[in-house]
Amino acid sequence: MKYILLILSLFLLSCEDKEFNAYRITKKKVKTYTGPSSVHYNFAQYAYDRGTNKPKVIVKGEIAKIFRHKSEIHLTKATIFYRKYYAKKAKKKERRVKLTQLTCDRAIIYERKKLFIGEGNVVVISRNGIRLETKKIYYDERENKLYTDPQERVVIYNKNGTITRGIYLRTDPGFNKIMLDRKQTTTPETKKKKQAMGAS
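Values in this document were obtained by computation on a predicted structure and should not be read as measured data. (Residues numbered from 1 in each chain as written. Predicted model: local features only at pLDDT ≥ 70, side-chain atom pairs only at ≥ 80, totals over all residues. Heavy atoms only, no water.)

K.L.:
Would you mind going over empty space enclosed by the protein with me for this structure?
P.N.:
Rolled over the atoms, a probe as big as a water molecule pinpoints where empty space is left. Evaluated as defined, the whole model comprises one cavity of 30 Å³ or more. A volume near 60 Å³ is recorded for the largest cavity. The wall of the largest cavity is formed by Ile80, Tyr82, Thr100, Leu102, Val124, Tyr139, Leu146 and Pro173. Of all the elements in the fold, those that place two or more residues in the lining of the largest cavity are β3 (72–82) and β4 (100–110). Classifying every residue of the lining of the largest cavity by side-chain character gives seven nonpolar, one polar and no charged. (1 Å grid on protein atoms, 1.4 Å probe; cavity = no way out; pocket = protein on both sides within 12 Å on 5 of 7 lines; lining within 4 Å. Points joined across faces, edges and corners; volume = space filled by probe spheres on them. Helix = DSSP H or I, 4+ residues; strand = E, 2+ residues; numbered from the N terminus. Nonpolar A, V, L, I, M, F, W, Y, C, P; charged D, E, K, R; others polar.)

K.L.:
In this structure, what is going on with the layout of surface pockets? I would like to understand it.
P.N.:
Approximately 220 Å³ is the volume found for the largest pocket. Lining the largest pocket we find 14 residues, and of these Gln45, Val59, Ile109, Lys114 and Glu141 sit closest to its centre. Sorting the residues of the lining of the largest pocket by element identifies β1 (38–48), β2 (55–67), β4 and β5 (115–126) as the ones contributing at least two each. Tallying contributions element by element places β1 first for the lining of the largest pocket, with three residues. Across the lining of the largest pocket, the residue classes tally to 10 nonpolar, one polar and three charged. Considered as a void within the structure, the second largest pocket measures approximately 160 Å³ in volume. Lining the second largest pocket are Ala47, Tyr48, Asp49, Arg50, Lys56 and Glu141. Considering only residue class, the lining of the second largest pocket consists of two nonpolar, no polar and four charged.

Written out as structure tokens, the structure is:
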């Protein structure tokens, strides 16, 4: 009888141990979902001018992945339109921003920081007659400025035929005040001279 009781007690202990191990296994941390909260096609987002209540910044994308937990929007084939509104009429010979358009292969909007980062075949076109090309660019809505990384190469084409190359762009969205490091400018005249020298 003693042997039977001993065998039963050992069997019960082994069952309890198995139950404890099974509980310990199921108590593992469940991985939290880190993917997008929602996916949208032909996405558009608007920021309005306080004075006129008209769209000041329009951001569009073919595909938009919204990450609400990070307050981020990831875009493919992104386009951003910036328009400046003025309370007063323009003075004579005053250079004003009408509209600036930025396109890129992909972009991220950091909504808390009010920051837009565009990458891949970045092209910025202003109604002032300026076209800018680079690989990566930032638009800070709070500071109202466009800029690149310090070593990022930039090419600027002016409507008069002048081409300016450099690194580390800092400018307002309308290209009224453009700053570049290691700036080199080529005019149509110098280009013709180089071509003539090469032909001879």
